[in-house]
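# Structure assessment
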Amino acid sequence: MKFFSALALVCMSVVFGYAQTKTFTGPGNFSNAALWNGGTLPVAGNNLRINGICTFDNAAANLAYGTLNVGFASPGTLNWPASGTNTLNVTAVSSSIAGSAINMTNGGTLRIRTSWSTANQIFTPGIGTIRWNVTTANSILPSTIPTYYNLTTETGVRRVRIGTNTTVVNTLFVSTGIFRIQGNNFTCNGMTSVSGTIDSNNAGGTETFQNVVMNAAGVWNSTAAETHTVLGNFTMNGASITGTSTGIFNVTGTFTVGAGTSIMAASTWNVTGATTITGVLNISSATGTKTFGNFTVNGTFTNTAANESLTITGNLANNGTLNSGSGTYTLSCAARTISGSSAFTIQNLSLTGTYTNNGNMTVNATFGSAAGTLTQGATGILGIRVTNPNFTLGTLNASAAGNTVNYSYAGIQNIRTPNDGSYYHLILSGTSTKSLTAAANISGNLLITAVTLDVTASNFSINLGGNWTNTGTFTARSGSVALNGSGTQIITNAAGETFFNLICTGSGTKQLGGNITVNDDITINSVFDASATGYSIDLKRHWSNNGTFTAQNGTVILSGSGVNQSIGGSAVTSFNNLTLNNASGATL
């Protein structure tokens, strides 16, 4: 009769799916079959009852057991061996007898798939890991547990929230699902790794993290203006900052955007350390403010959808692609640099600090402010594509050997005088007229491309130390051009160049690269070479040679009108061809 009753119970268990319950009576190891009722170890699906002390040393770790009751008939304690790494995988955790305990001093992992009741139970986090794997419903971590060592949440499409002010001593890993903080104080003293979603939906409480890594497809969602304090570093690898409210991220350490495309939506960022973008960062919302320290783009930074304004308090370097959008970029620190191997354009630049440009930067719309100083470094290239009223930079220094300034606006521009007195290389491009506002000192080359350079009615002079190249128009009026360099200087204009006064001085050779017309005087105080090509010099007034004129195959034409032209100077001039085309004659 007993045999048939037992058989019936077994059959009922099979038919109705009842889980078998296995009871452990300690002290001893979980793997000791003699300590389990029936003398056999539990198998997957069994419910577990622990009486006495049980050390989870099971070699078949991570079997999916049923419920776990630590302390069923008498107080129970569950612990792990020293340096324990085994995972105990159960549906629900509870204790029936007061004084029971889960002690993870030695480590180990407890995986929970439905719920955890801490009544009658003491939890010691030690160096263990709680793996919260509740995927069938939204859940809440126990309100009586304020401290974890490692906490992993993997809730599928479900949400888990903390039930009290919580500290994670070492690592928080949001693997799947949503981890909600919801107004409690939360601190993670180690690494926070996010592959699922962190959800901040309540501005109450404080949130403090040490280091944060947001993995591919990880999300940080703010539906409340909570402040997230990161004492260390923040990394995004193809992750997203989202939300309907402006979460505030205060990052003391570095901010790194690694592999993948990361998205930064409505949020405020204050990054004290260096920001480095090696992957892709897209700014998708102009809500919130963004303040960074050193800002380096080695990958792609795109701000063209949101046109957000940024403040950079450190160095700015672009070695990748910087799509700035139309927001205002404020560079606000002293003794900092702009650098990088890739050219970039900023629509609106408010330069309130002191910066040296060693990169290749173009400013498109507004360039200021009065308090700012920009000094061109030796490798600096600066494109100025702004209208006259919008060029409000307080101090521009452009004399460093090797640097280039390009006035490239598609319209009228004034060429300001640098505060240190001179340009090195000067390019005039875009369209329309570029006008001098004072005498121009250019130590390097002057390049006029498809625009007009006008010395204005003030007849401002140009002192040039390098080559003169003109593919546009030079309006000489009554101004003087002095070629005063120490190296060879070439005058090039395929259509022929026209000067008013031309002065050749300095120790270098001045060489024609095309025909020239001089409407007033030409003065040679150095070496002036007509070149082997045989270019012509059409002179309207006087020739004064106090240096050396190398005629080669060239022609000098005296073609003045109403004035007796003279050929003079302290040096003897030898001409190849000399043509007099002046009814008033010429005097030797």
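Residues numbered from 1 in each chain as written. Predicted model: local features only at pLDDT ≥ 70, side-chain atom pairs only at ≥ 80, totals over all residues. Heavy atoms only, no water.

### Overview of the overall build of the protein chain
Short version of the rule: Numbering of helices and strands runs from the N terminus; a helix is a DSSP stretch of H or I covering at least four residues, while a strand is a stretch of E covering at least two. For the radius of gyration, the atom set is restricted to C-alpha positions; the globular benchmark scales as 2.2 Å times the number of residues to the power 0.38. Buried means the residue's accessible area, taken with a 1.4 Å probe over protein chains only, is under 20% of the maximum for its type, while exposed means over 50%, and partly exposed covers the values in between.
Across its full length, the protein chain carries 1 helix and 65 strands. Rg of the C-alpha trace for the protein chain: 40 Å, well past the compact-globule value of 25 Å for 588 residues, more than 25% over. Each of the three principal axes of the protein chain carries a C-alpha extent, and together these read 145 × 40 × 40 Å. With 588 residues in all, the protein chain has 48% of them scored as buried.

### Quick word on the sheet that holds strand E64 (residues 577-580)
Worth spelling out the cut-off: When DSSP locates at least two bridges between a pair of strands, those strands are taken to pair. For helices, the axis comes from a line fit to the C-alpha atoms of the stretch in contact; other axes are also lines fit to C-alpha atoms, and the angle between any two N-to-C directions lies between 0 and 180 degrees.
Taken in spatial order, the 5 strands line up as E53-E56-E59-E62-E64 in an open sheet, and their pairing is parallel. Edge strands, defined here as strands with exactly one partner in the open sheet, are strand E53 (497-499) and E64. With strand direction ignored, the average angle separating the axes of adjacent strands in the sheet is 15°. One ladder, built from 4 bridges, connects strand E62 (residues 555-558) with E64; its direction is parallel. Paired with Ile-557 across the bridge in E64 is Thr-579.

### Comments concerning the packing of aromatic side chains
Applicable threshold: A pair of Phe, Tyr and Trp rings is counted when the ring centres sit within 6.5 Å of each other, with Trp represented by its six-membered ring. The angle between the planes then sorts it: under 30 degrees is stacked, over 60 is edge-to-face, the rest tilted. In this analysis the charged atom, NZ for Lys or CZ for Arg, is taken to sit over a ring once it is within 6 Å of the ring centre and within 35 degrees of the ring normal.
Throughout the structure, instances matching the rule amount to 29 aromatic pairs. Between the aromatic rings of Phe-249 and Trp-269, the centroid separation amounts to 4.4 Å while the plane-to-plane angle is 10°, which identifies the pairing as stacked. You can see Phe-249 sitting in strand E21 (residues 247-251) and its partner Trp-269 sitting in strand E24 (residues 267-271), a full 20 residues away along the chain. Looking at Trp-269, the relative accessible area reads 0%, which means it is buried. Pairing Phe-367 with Phe-391 gives two aromatic rings, centres 5.2 Å apart and planes at 15°, and the pair type is stacked. Taken together, the positions of Phe-367 in strand E37 (residues 360-368) and Phe-391 in the loop between strand E39 (381-384) and strand E40 (395-397) put the pair 24 residues apart, joining distant regions of the chain. Of the two residues examined, Phe-367 and Phe-391, each falls in the buried class. A network of ring pairs unites the aromatic residues Phe-179, Phe-186, Phe-209, Trp-220, Phe-234, Phe-249, Phe-255, Trp-269, Phe-292, Phe-295 and Phe-301 as a single cluster. The cationic tip of Arg-49 hangs over the ring face of Phe-72; the distance from NZ or CZ to the ring centre is 3.7 Å. Across from the ring centre of Phe-391, 4.8 Å away, lies the NZ or CZ of Arg-416, which sits over that ring.

### Some words on empty space enclosed by the protein
Where empty space is left becomes clear once a probe the size of a water molecule has been rolled over the atoms. For the record, the criterion: Buriedness for pockets is judged along seven lines, at least five of which must meet protein on both sides within 12 Å for an open set on the 1 Å grid over protein atoms alone, while cavities are sets there where a 1.4 Å probe fits but cannot get out, and lining residues have an atom within 4 Å of a point. Grid points are joined across faces, edges and corners, and a volume is the space filled by probe spheres set on the points. When residue character is reported, Ala, Val, Leu, Ile, Met, Phe, Trp, Tyr, Cys and Pro are called nonpolar, Asp, Glu, Lys and Arg charged, and the others, Gly included, polar.
Summed over all chains, the structure comprises 1 cavity of 30 Å³ or more. Quantified by volume, the largest cavity comes out at close to 50 Å³. Across the lining of the largest cavity, the residue classes break down as 7 nonpolar, 4 polar and 1 charged.

### Things to note about the sheet that holds strand E44 (residues 433-436)
An order of E42-E44-E47-E50 is seen for the 4 strands of this open sheet, with the pairing classed as parallel. Bordering the open sheet on either side are strand E42 (413-415) and strand E50 (473-475), each of which pairs with just one other strand. In this sheet, neighbouring strand axes are inclined to one another by 25° on average, regardless of whether the strands run parallel or antiparallel. Two strands pair when backbone bridges link them, and strand E47 (residues 452-454) and E50 are joined in this way by 3 bridges, in the parallel orientation. Bridged to Leu-453 within E50 is Phe-474.

### A closer look at the environment of Thr-311
Keep this limit in mind: Contacts are assigned to residue pairs with any non-hydrogen atoms lying within 4.5 Å of each other.
Inspection of the secondary structure puts Thr-311 in strand E30 (residues 310-312). Residues in contact with Thr-311, not counting those within four places in the same chain, are Lys-290, Thr-291, Phe-292, Thr-330 and Ser-332.

### Details of the pairing of strand E38 (residues 373-376)
The pairing of strand E36 (residues 354-357) with E38 spans 4 bridges and is parallel. The residue bridging Thr-356 from the neighbouring strand is Thr-375, located in E38. Direction of pairing for E38 relative to E40: parallel, over a ladder of 3 bridges. In the strand pairing of E40, Thr-375 is matched with Asn-397.

### Some remarks on the side chain of Asn-47
To be explicit about the condition: The definition of a polar contact used here is a pair of N or O atoms within 3.5 Å, where within protein one atom must be able to donate a hydrogen and the other to accept one, and adjacent residues in sequence count solely through side-chain atom pairs.
As for its placement among the helices and strands, Asn-47 is situated in strand E3 (residues 47-55). Given the relative accessible area of 17%, Asn-47 is considered buried. Of note is the side chain of Asn-47, whose polar atom sits 2.8 Å from the backbone nitrogen of Thr-67.

### Details of the confidence of the model for the protein chain
We count it as follows: One number per residue, pLDDT, summarises how confident the predictor is, and it ranges from 0 to 100.
Per-residue pLDDT for the protein chain has a mean of 94; in total, 96% of the residues score no lower than 70. Across residues 1-17, confidence stays below pLDDT 50; counting only partners more than four residues off in sequence or on other chains, it has 3 contacts.

### Overview of the pattern of salt bridges
Rules: We define a salt bridge as a contact between a side-chain nitrogen of Lys or Arg and a carboxyl oxygen of Asp or Glu at a distance within 4 Å.
Counted according to the given criterion, the structure contains 7 salt bridges. As a salt-bridge pair, Arg-131 and Glu-154 come within 2.1 Å of each other at their nearest N and O atoms. With Arg-131 in strand E10 (residues 129-132) and Glu-154 in strand E12 (residues 147-161), the pair connects residues that are 23 residues apart, well separated along the chain. Classification of Arg-131 by relative accessible area gives partly exposed; the value is 22%.

### Looking at the pairing of E24
Note on strand geometry: in a regular strand, side chains alternate between the two faces of the sheet. For E24, the buried fraction is high: 4 of the 5 residues fall into the buried class. Pairing geometry for E21 and E24, over 5 bridges, is parallel. Counted as the bridge partner of Asn-250 is Asn-270 from E24. In the sheet, E24 pairs with strand E27 (residues 290-292) via 2 bridges, with the strands oriented parallel. Its bridge partner being in E27, Asn-270 is matched across the sheet by Thr-291.

### Overview of the environment of Glu-226
By the secondary structure assignment, Glu-226 is in the loop between strand E17 (219-222) and strand E18 (227-230). A relative accessible area of 4% places Glu-226 in the buried class. The spatial distance from the C-alpha of Glu-226 to the C-alpha of Glu-207 is 8.0 Å, given a sequence separation of 19 residues. Non-local contacts of Glu-226, meaning those with residues more than four positions away in its chain, are made with Ser-200, Asn-202, Ala-203, Gly-204, Gly-205, Glu-207, Gly-247 and Ile-248.

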